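# Residue-level structural notes
Below, each chain spelled out in residue letters.
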Amino acid sequence: MTEVLDRQALLSLLERPALRRLLGAFNDDAEETRIVGGAVRNALLGRPVTEVDCTTTMLPEVIVERAKAAGFKAVPTGIEHGTITVIVDGEPYEITTLREDVETDGRHAVVHFGRDFALDARRRDFTINALSLGLDGRLYDYTDGVADLADRRVRFIGDAHTRIREDYLRIMRFFRFHAEYAQVDPDPEGLAAAGAERQGLAILSKERIRHELLKLLVARRAEDTIRILADHGFLPWLLGGAAEFGRLSRVAAHDKDDPDPIWRLAALAVTVEEDADRLRERLRLSNDEHRKLAAYARLLSLLKTWALPLDAMVVRRLAADHDVEALGTVLAATAGEPFPIVHADAREALDRLRSGAEPVPILPLRGADLVEGGVPKGPRIGELLAQARQAWLAEGCLTDEAYAKDLLRRVLEQA
Ligand code: ATP
Ligand code: MG
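Below is a short write-up of the structure. (Residues numbered from 1 in each chain as written. Chains lettered and ligands numbered in written order. Predicted model: local features only at pLDDT ≥ 70, side-chain atom pairs only at ≥ 80, totals over all residues. Heavy atoms only, no water.)

The next thing to look at is the overall build of the protein. Scanning the protein from N- to C-terminus turns up 22 helices and 9 strands. Relative to its length of 415 residues, the protein is extended, with a C-alpha radius of gyration of 28 Å against a globular reference of 22 Å. Based on the C-alpha atoms only, the size of the protein along its principal axes is roughly 90 × 50 × 40 Å. In the protein, which comprises 415 residues, the share counted as buried stands at 48%. Looking at the protein alone, contacts between residues at least 24 apart form 65% of all its contacts between residues at least 6 apart. For the protein, the computed accessible surface area is about 19,400 Å², with 51% contributed by carbon and sulfur atoms. If you average the places of the 57 positive and of the 69 negative side-chain charges in the protein, the two averages end up 2 Å apart. (Helix = DSSP H or I, 4+ residues; strand = E, 2+ residues; numbered from the N terminus. Rg over C-alpha atoms; globule rule 2.2 N^0.38 Å. Buried < 20%, exposed > 50% of the residue type's maximum accessible area, 1.4 Å probe, protein only. Contact = heavy atoms within 4.5 Å. Areas by Shrake-Rupley, 256 points an atom, 1.4 Å probe, with all protein chains shown as cover. Lys, Arg positive; Asp, Glu negative; His and termini not counted. Charge placed at Lys NZ, Arg CZ, Asp CG, Glu CD.)

Here you go:
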């Protein structure tokens, strides 16, 4: 079974020079430090490993001492949980003291530091997240994670209900890791427990839900998994509105090389601006994220009632007034719907604007041009510019010099 896992990639982790230095300094007769969690999982899957976390018998203050003695920088990023970020040759590593959760209340855990790798593995969420790798290349698997990884299956460690009640965020993580790593249907026991414990999500902070949901939206099987969430009654609570699965699928196909969680969220859950406002509140979105959802909503409303076919000129006009990425997302989301009707040259124009091959049009006229033409400074300048902008939009957003001159001449005639 395990031959589908990449043992070579796992061992080559240990050949990374900075990591070798780190593990060399943190392993001896008294203390043991291993690579743990996502790095081991991803290496075995042959996927890129960007973050390497380690777990260690050393207490936090010992990590700091040893790091300094070895000439590494140590930053106490999460010292109350036992986590120190150690920087080796410019690369950051999170080093966490072995832990046991002694008390949990559904969202926080009281932890004790320990020296037992097996107990530290068992407090983790899923079997595939609990593997560790020693400096000597030995792989430690206390929870049957290797078999589940080989089967591409996400399974809770221990009893799913119990593990969810310790920390309800594990419901969201179950779906998120399923979406990213599974190739089979969700584990029936985990799925049933997630559904049954659903109301526990309400005690979590919105920030934690947001983090997992946005990661889920860009995971490999985001669309299937969102449907599973819907089938099990999670979406009304998470989104508070309708879900457009077809639009999500089309946007996911369109952006798969560089997925953006907010555009995917827009496709799934935004039809009018009120949706953008509600999602900002529910998911604690930033101003910039909210601005993207609102831009999508405005363009969607505009284009759903756009009776004429969209051509390159209309696309240029829309790009002058709206976010080009939002426009691309709306056109991807609504492809195959009756409206808008989109000509091939409109898509080509959009591609040019998105890639920068064609600049986003900017009104080729400034207040200073009007002043130079003899209009006195004052509110009249703003009015004339607004009129000029309307004419410019209606005429196709030309920006060449001859057009700019002619536009200025016409505006000055009105002044
Ligand atoms: P990613 O590549 O998405 O960061 P990861 O495995 O590193 O994947 P993290 O969310 O960064 O995932 O968590 C690191 C590790 O900590 C996990 O692999 C898991 O072992 C453990 N862990 C994190 N959150 C929880 C939790 N809520 N309950 C139990 N274990 C957890
Ligand atoms: Mg991680």
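There's plenty left to go through after this.
Once the charged atoms of two side chains with opposite charge are near each other, the side chains can pair. This model, assessed by the stated rule, comprises 44 salt bridges. Between arginine 123 and aspartate 120 there is a salt bridge, and its shortest N-O distance comes to 3.3 Å. The pair formed by arginine 123 and aspartate 120 is uniform in burial state, with each residue classed as buried. Among the salt bridges present, the one from aspartate 406 reaches arginine 410, with a minimum N-O distance of 3.3 Å. With aspartate 406 and arginine 410 both in helix H22 (residues 401-414) and 4 residues apart, this pair spans about one turn of that helix. Each member of the salt-bridge network shares a partner with another, and the members are Glu395, Asp406, Arg409, Arg410 and Glu413. (Salt bridge = Lys/Arg side-chain N within 4 Å of Asp/Glu carboxyl O.)

Under the counting rule described, the total for this entry stands at 9 aromatic pairs. Where phenylalanine 126 meets phenylalanine 177, the ring centres are 5.8 Å apart and the plane angle is 55°; that geometry is what we call tilted. One end of the pair, phenylalanine 126, is in the loop between helix H5 (117-122) and strand S8 (132-133); the other, phenylalanine 177, is in helix H8 (residues 169-181), with 51 residues separating them in the sequence. Residues tyrosine 140 and tyrosine 142 carry aromatic rings whose centres are separated by 6.3 Å and whose planes lie at 20° to one another, so their mutual orientation is stacked. Here the aromatic residues Phe126, Phe156, Phe174, Phe175, Phe177, Tyr181 and Phe234 are joined through ring pairs into a cluster of three or more. A cation sits over an aromatic face here: arginine 34 above tyrosine 140, 3.4 Å from the ring centre. Seen from the ring of phenylalanine 234, arginine 198 lies directly overhead, with NZ or CZ sitting 5.9 Å from the centre. (Phe/Tyr/Trp six-rings, centres within 6.5 Å; stacked < 30°, edge-to-face > 60°. Lys NZ or Arg CZ within 6 Å of the ring centre and 35° of its normal.)

Of the positions making up helix H4 (residues 60-69), those classed as buried are Pro60, Ile63, Arg66 and Ala67. Each buried residue of H4 sits inside an arc of 125° when the element is viewed along its axis, so together they form one side. Within H4, the exposed residues directed more than 90 degrees away from the buried face are Glu65, Lys68 and Ala69. Where H4 is buried, its residues meet helix H2 (17-25), strand S2 (53-56), strand S3 (73-78), strand S4 (83-88), strand S5 (91-97) and strand S7 (109-113). Positive phi shows up at glycine 71, right after H4, with a value of about 85°. (Arc of directions from axis to C-beta.)

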